Amino acid sequence: MVHPYLRRRQGIEPVSYPSKELEAVLGKTLGVPLFQEQAMKIAIVAAGFTPAEADRLILSKQIQEARRAVSQLATSLGSTESARSAGGSEEPGATATSSS
C-alpha cells in the first residue's frame, strides 16, 4: 500500500477518497490507508463499528497474520528437518562417516 501513497505524493497518481466521510480519516496519507489507527477509523466511520468492535477486528486480523507466519515457519522448519533426515544426519552439526 505504500506505492500508491508515494505515487500520489509525487503527483503521478491523482488523490481520491472513497467517500467524503473517509477523506477526514485518509487525508494525511492522500487517500491510502497506511496505519492501524486508520483501519480502525474506517471500520467505525464506514461500517458503523463501535470502537471496541473495530479494535477486535484489527486484533483478529493480527492473529490471522501471526498464525500464517507461524504456519510458514513450521513448513520451512519441516522441510529443513526432512532434508536433514534425508541426508542421514540426525543431530545438528553431525557429519556422515563412511565405513570402508
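Relevant structure appears above.
Counting starts from 1 at the beginning of each chain's written sequence and moves along it residue by residue. Local features are withheld for residues below a pLDDT of 70 in this predicted model, meaning they are given only at 70 or higher, and side-chain atom pairs are given and counted only at 80 or more; totals for whole chains, interfaces and linings count all residues. Derived side-chain values reflect all non-hydrogen atoms in the structure, with water molecules and hydrogen atoms excluded from consideration.

Enquirer: Before we go on, may I ask you to explain the pattern of salt bridges in this structure?
Expert: Throughout this description, the term salt bridge denotes a Lys or Arg side-chain nitrogen within 4 Å of a carboxyl oxygen of Asp or Glu. Within this structure, the stated rule accounts for three salt bridges. As a salt-bridge pair, Glu23 and Lys20 come within 3.3 Å of each other at their nearest N and O atoms. You can see Glu23 and its partner Lys20 sitting in helix α2 (residues 20–26), three residues apart, about one turn around the helix. Throughout this description, buried means an accessible area under 20% of the type-specific maximum (1.4 Å probe, protein chains only), exposed means over 50%, and partly exposed covers the range between. Glu23 sits in the partly exposed class, given a relative accessible area of 30%. Here a helix means four or more residues in a row that DSSP labels H or I, a strand means two or more in a row labelled E, and each is numbered from the N terminus.

Enquirer: Please explain the environment of Leu22 as it appears in this structure.
Expert: By the secondary structure assignment, Leu22 is in helix α2. What makes Leu22 buried here is its relative accessible area of 8%. Separated by 20 residues in sequence, Leu22 and Ile42 have C-alpha atoms that sit 6.9 Å apart. With near-sequence residues (within four places) excluded, Leu22 lies in contact with Ile42, Val45 and Ala46. For this analysis, residues touch if any pair of their heavy atoms sits within 4.5 Å.

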